[in-house]
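# What the coordinates show
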Amino acid sequence: MSFWQIWNLSFGFLGVQIGYSLQNSNTSSIFQSLGADVSHLSYFWLAAPLAGMVIQPIVGMFSDGTWTRFGRRIPYILGGAVISTIALLLMPNCPVLLAFAPLAMGAFILLFMDLSFNVTMQPFRALVADMLDDSQKTKGYVIQTFLINLGAVVGAFLPLIMTWCGVSDEAVPGQVSKHIAYSYYAGGIILLLTVLVTAFKTKEYPPKEFAEYNGLDEAAVTGNAGVSEAAGGSVGAASASGNVAAASAQAAGVKAAPAGKAGFITLMRHIPKVMLQLGVTQFFSWAALFMMWTYLKPAITGQVFDPATGAVLSEGATQTWTGVLNGIYPIPACIISIFLSSIAARWGNKKVYAACLLCGALGFLGLLFIHNQYLMMIPMIGMGIAWAGILAMPYSILSREVDAQNMGAYMGIFNFTITIPQIVIGLTGGLIVKWVFGSQALYMLGLAGVFMLLAAVSVAFVGGRRGRRPS
């Protein structure tokens, strides 16, 4: 396929990631404006990991067995995009839709949004694997990763762009500020338009052609709705992380294996030891990221000043700047990911992984002590380096230790190491911030730094099931 054909395969993911980025940057602020206490914020954030844990494996399984004149994956991508757009348009209007209980309406729409994001996102991973041969799969996922990070930047900066266009950032209690609302409207429209490009520019292979390209029997292809997706379509997280994981696995030459070769219980009984060891690292690193996404805005409120005037940023300006900070770390992540493979080849996966996580720990430490509006961008570079390592290195290590015929199933099981830490912090974070830190959200960033440091240390204990330590 040509570059632009490959580009169109994932172009819709640009819009999906814009929606995710808007959610990551503004969810806490929206719920605070609707009356939520800082100690309750983590409960609302539970929607994303729960949705990813439940929806993605279901959609992956059903899209494997869907064959229509519109394609195999496109119906799910397009249907999910329509619902995602509606959710983005509704989110800023919670106070109008249910005036007596705006928080309840906001929670419902957030769950609705996360479910639809996951319905849209999951088939994009498999679409690249379906449409490209082995010689182009890595290129396909590199392009997809670029679009994901670009979408993250655009979504994070949309509120700032709205203020440049003259939209007010005034934070009115009980209402979503206009610059956030308009950003959601723009994000919803962009999401739908980009997905339409993928839907109309991509012609999926019919069953016969797909079977021929993959050396399969056509009857088996059309009759099996439970083919396990490996690197290109394995069970993913609520966020962009799974996509780079898929890229890493594809780069390692992973092949899809039919589900059912080994039952779930059998797989769990023989789970590779290295997966459990990586699970410890994953727990600390993903818990730290979840704390950043949840508490960054309340943590820096009243703490950030404009160096030009010396004045502390207003509530609305702080929310805008939170979006800017969330838009910074994908940039170094995108740059670092280009060189990560060659660096790891020289120094070893474990050393590079630990170094990336250490950069993240230093980034959290910087956020605790830096209050200059613009200097706060520097710690986000450390976050970006950690983000790049988290999305690539554990999968590179794991792919060497898992039997090829069960690679897809184990990659799916490994996804729980992403969602479980987020659920744990979602359930306990409110209690910690209220009773341990006296509702001072800034200290949650300090705790996130400790967690990221523990993640870096734990890499040293990652060994191999086959009696060797991954390099």
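Residues numbered from 1 in each chain as written. Predicted model: local features only at pLDDT ≥ 70, side-chain atom pairs only at ≥ 80, totals over all residues. Heavy atoms only, no water.

### Looking at the overall build of the protein chain
Across its full length, the protein chain holds 20 helices and zero strands. Split into buried and exposed, the 471 residues of the protein chain put 58% on the buried side. Counting contacts in the protein chain only where the partners sit at least 6 residues apart, residues at least 24 apart contribute 82% of the total. A total accessible area of about 18,400 Å² is found for the protein chain, and carbon and sulfur atoms account for 69% of it. (Helix = DSSP H or I, 4+ residues; strand = E, 2+ residues; numbered from the N terminus. Buried < 20%, exposed > 50% of the residue type's maximum accessible area, 1.4 Å probe, protein only. Contact = heavy atoms within 4.5 Å. Areas by Shrake-Rupley, 256 points an atom, 1.4 Å probe, with all protein chains shown as cover.)

### A closer look at the packing of aromatic side chains
Under the counting rule described, the total for this entry stands at 19 aromatic pairs. Ring centres of phenylalanine 284 and phenylalanine 451 lie 5.5 Å apart, and the angle between their planes is 85°; this geometry places the pair in the edge-to-face category. Pair noted here: phenylalanine 284 is in helix α13 (residues 273-300) and phenylalanine 451 is in helix α20 (residues 442-458), with a separation of 167 residues, a long-range link. Both residues of the pair, phenylalanine 284 and phenylalanine 451, belong to the buried class. Ring centres of phenylalanine 437 and tyrosine 443 lie 5.8 Å apart, and the angle between their planes is 40°; this geometry places the pair in the tilted category. For tyrosine 443, a relative accessible area of 47% gives the class partly exposed. A network of ring pairs unites the aromatic residues Phe3, Trp4, Trp7, Phe11 and Phe146 as a single cluster. (Phe/Tyr/Trp six-rings, centres within 6.5 Å; stacked < 30°, edge-to-face > 60°.)

### Side note on unusual backbone geometry
Although it is not a glycine, serine 439 adopts a positive phi angle of roughly 65°. Mapped onto the elements, serine 439 comes out in the loop between α19 (416-436) and α20. The exposure class assigned to serine 439 is partly exposed, which follows from its relative accessible area of 33%.

### Observations concerning the environment of alanine 308
With respect to the helices and strands, alanine 308 occurs in the loop between α13 and α14 (315-328). Distance in space between the C-alpha atoms of alanine 308 and glutamine 373 is 9.8 Å, their sequence separation being 65 residues.

### Comments concerning helix α4 (residues 74-90)
Spanning 17 residues, α4 covers 24 Å between terminal C-alpha atoms, matching the ideal 24 Å at 1.5 Å per step. When α4 is considered as a whole, its buried residues turn out to be Ile74, Ile77, Gly80, Ala81, Ser84, Thr85, Ala87 and Leu88. Angularly, the buried residues of α4 cover 160° about the axis, an arc narrow enough to put them on a single face. Those residues of α4 hidden inside the fold are in contact with α1 (3-33), α6 (102-131) and α8 (178-201). (Expected span 1.5 Å × (residues − 1). Arc of directions from axis to C-beta.)

### Comments concerning a nonpolar patch on the surface
A surface patch of nonpolar side chains, about 570 Å² in accessible area, is lined by Val82, Ile83, Ile86, Leu90, Leu97, Phe108 and Phe112. Elements represented by at least two residues in the nonpolar patch include exactly α4 and α6. At four residues, α4 tops the list of elements feeding residues into the nonpolar patch. Inspection of the secondary structure puts isoleucine 86 in helix α4. (Patch = residues over 30% accessible without salt bridge, like charges linked within 9 Å, V, L, I, M, F, W, Y side chains within 5 Å. Salt bridge = Lys/Arg side-chain N within 4 Å of Asp/Glu carboxyl O.)

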